[in-house]
Amino acid sequence: MYPKWRYNPFVKKLSAVFLGGLVALLLLEIGIRVKENRFFTFENAFDLEMEKGVGRAVTDPDPQLGFRLKSNYKTIQDHFVFPHNRYKIRFSEVSTTPERFRSSPNTYGIKLRKDYGPILTLGDSFTFGAEVNDNENWPSHLQNLSKTTVLNGGVVGFGLDQTYLLFEELITQNNFKPSWVIISLTPLNIERTHLKGRFKYLTGEFVPRPFLEIEDFKIKQIHYPDALAYKQQYMYRYTRLDPVRRILGYSFAIDSIFKEIAPKWWWNMHDEKKTAKEFRTPHKSDEVSQVIIKKISELAKEKGFKLLIVRQDFFQRSFEYQTDLAQERVVAWCKEQGLLVVDLHPKLKQLFYENTEKYRSFFLPPHMTNQGNLFVAQEIWNQINQSGDFSADSH
């Protein structure tokens, strides 16, 4: 004799819904595996994504900088972008030069000047041009506008301290002689200057990074991570997944669903501003950034090139245009020191309120589109022109 609950209409409906859901999930699983040509693949979806990340990553571990661009490398990168908090993938062509700059192709066949030193641009992903092609980042647009060779030294994930270490290597060790050095300031590359490391997506593992110790408004010591330990933690293949992702990740269907409805949770995206105290240096990020810019400015005077600071904002998702206070203090300090500054904050803020459609066209988000990068390059070129450094007949 069967138990009474088996004849309960509610239980029957619940069972039907449950079985229907399983069938739908199974069909979705089969469909995804067929589409991606992975029908007989029995690996965790996260492992496959991480292996793909290693193959397409444009950086290598480095004992001094933490990581740096690969040399003479070319790939098609896929990026996770979140317009309106929905998961999407965007592809972009990325290549690097033998000297480990991002390539700036001369798309329009412009005759570049030979009588003037190159322009060196440094920063994080906003300078590198994350999520856009080689010819769509602002250094590439600046090369077209100035008709002068522009070297893109931006590196995704760099803090301003790592930018300084790269700059010092180029200028002092390699005796590199640019005409201009342009430093991009974003809220995150300032924030990263007082972090001892970063947390990786998926695993939440802590990866050490170089950081500066300052005293009396000077750089007292540079702390480098242990090279071997860093390399092991940096590479994706050494990661360890938590039990939830380790089990559910074997289903491509579940992976696709969570990437769509809760991507930041599923990919365990860490908020760097909420990094625990033990992983931070005792210094304020804006103070460290000011010390770095002061040192770069001194080297600029010593080596005879011009320095330009560019303030870049993130895409604003709220109804009010937000101001990053640390970035605001650093930019204000630069202006007080008489440094040349291209402050994009006021114009982007005005555009945010007066022409929302155009403002949105500047961002993917979170990074800038080809149109947005062209806007940045034009603002920079206007400032360089105003300095009188380029003769009118030379471009």
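Our subject in this report is the structure included herewith.

Reading the values: rules and limits
- Residues numbered from 1 in each chain as written.
- Predicted model: local features only at pLDDT ≥ 70, side-chain atom pairs only at ≥ 80, totals over all residues.
- Heavy atoms only, no water.
- Core = buried A, V, L, I, M, F, W, Y, C linked by side-chain atoms within 4.5 Å.
- Buried < 20%, exposed > 50% of the residue type's maximum accessible area, 1.4 Å probe, protein only.
- Helix = DSSP H or I, 4+ residues; strand = E, 2+ residues; numbered from the N terminus.
- Contact = heavy atoms within 4.5 Å.
- Expected span 1.5 Å × (residues − 1).
- Axes fitted to C-alpha atoms, helices over the stretch in contact; angles between N-to-C directions.
- Parallel < 35°, antiparallel > 145°, perpendicular 65-115°, else oblique.
- Left-handed = near helix turned anticlockwise from the far one by under 90°.
- Pairing = 2+ DSSP bridges.
- Patch = residues over 30% accessible without salt bridge, like charges linked within 9 Å, V, L, I, M, F, W, Y side chains within 5 Å.
- Areas by Shrake-Rupley, 256 points an atom, 1.4 Å probe, with all protein chains shown as cover.
- Salt bridge = Lys/Arg side-chain N within 4 Å of Asp/Glu carboxyl O.

A word on the nonpolar core
Working step 1: Judged by nonpolar contacts, the single largest core of 43 residues is most densely connected at Phe 167, Val 181, Ile 183, Leu 185, Ile 293, Ile 309 and Cys 334.
Working step 2: Elements supplying a minimum of two residues to this core: strand E2 (66-69), strand E5 (119-122), helix H5 (160-173), strand E7 (180-185), strand E10 (211-215), helix H11 (285-303), strand E12 (306-311) and helix H12 (325-336).
Working step 3: If we skip the residues at most four places from it in the chain, Phe 167 touches Leu 122, Val 181, Ile 296, Leu 299 and Phe 305.
Working step 4: Of all hydrophobic cores here, the second largest spans 27 residues; its members include Ile 182, Val 310, Leu 351 and Phe 362.

Digging into H5
Each α-helix winds once per 3.6 residues, and so residues spaced three or four apart point in a common direction.
Working step 1: Taking 1.5 Å of rise per residue, the 14 residues of H5 would be expected to cover 20 Å, and the 19 Å separating its terminal C-alpha atoms lies within 8% of that figure.
Working step 2: Buried residues dominate H5, accounting for 11 of its 14 residues.
Working step 3: If you check which residues of H5 are buried, you get Leu 160, Asp 161, Gln 162, Thr 163, Tyr 164, Leu 165, Leu 166, Phe 167, Glu 169, Leu 170 and Ile 171.
Working step 4: Of the residues trailing H5, Asn 175 is marked for its positive phi of about 55°.

Quick notes on the packing of H11 against H12
Working step 1: Where H11 contacts H12, the axes come no closer than 9 Å and their chain directions differ by 30°. Taken together, the axes of H11 and H12 lie roughly parallel to each other. Handedness of the crossing formed by H11 with H12: right-handed. In contact with Ser 285, Asp 286, Ser 289, Gln 290, Ile 293 and Lys 294 of H11, H12 contributes Ala 326, Arg 329, Val 330, Trp 333 and Cys 334.

Let's talk about the pairing of E10
Working step 1: In this sheet, strand E11 (residues 218-223) lies alongside E10 in antiparallel orientation, the contact comprising five bridges. Residue pairing in the sheet places Glu 215 in a bridge with Lys 218 of E11.
Working step 2: As consecutive antiparallel partners, E10 and E11 are separated by two residues, and within that stretch Asp 216 has a phi angle of approximately 55°, a positive value.

Considering a nonpolar patch on the surface
Working step 1: A surface patch of nonpolar side chains, about 860 Å² in accessible area, is lined by Val 23, Leu 26, Leu 27, Ile 30, Val 34, Phe 39, Phe 40 and Phe 42.
Working step 2: Among the structural elements, Phe 42 can be located in the loop between helix H1 (9-35) and helix H2 (45-56).
Working step 3: Note on Phe 42: relative accessible area 65%, which makes it exposed.

Focus: the pattern of salt bridges
Working step 1: Applying the stated rule across the entire model yields 15 salt bridges.
Working step 2: Of the charged contacts, one joins Arg 311 and Glu 328 as a salt bridge, the two residues approaching to 2.7 Å between their closest N and O atoms. Within this pair, whereas Arg 311 is found in strand E12, its partner Glu 328 is found in helix H12, the two being separated by 17 residues in sequence.
Working step 3: Among the residues examined, Arg 311 registers a relative accessible area of 2% and is labelled buried.

What to know about unusual backbone geometry
Working step 1: Although it is not a glycine, Asn 175 adopts a positive phi angle of roughly 55°.
Working step 2: Its place among the elements puts Asn 175 in the loop between H5 and E7.
Working step 3: Located in the positive-phi region is Phe 217, a residue other than glycine, with phi close to 60°.
Working step 4: Considering the arrangement of structural elements, one finds Phe 217 in the loop between E10 and E11.
Working step 5: Judged by relative accessible area, which is 33%, Phe 217 ranks as partly exposed.

Structural measurements only, silent on function.
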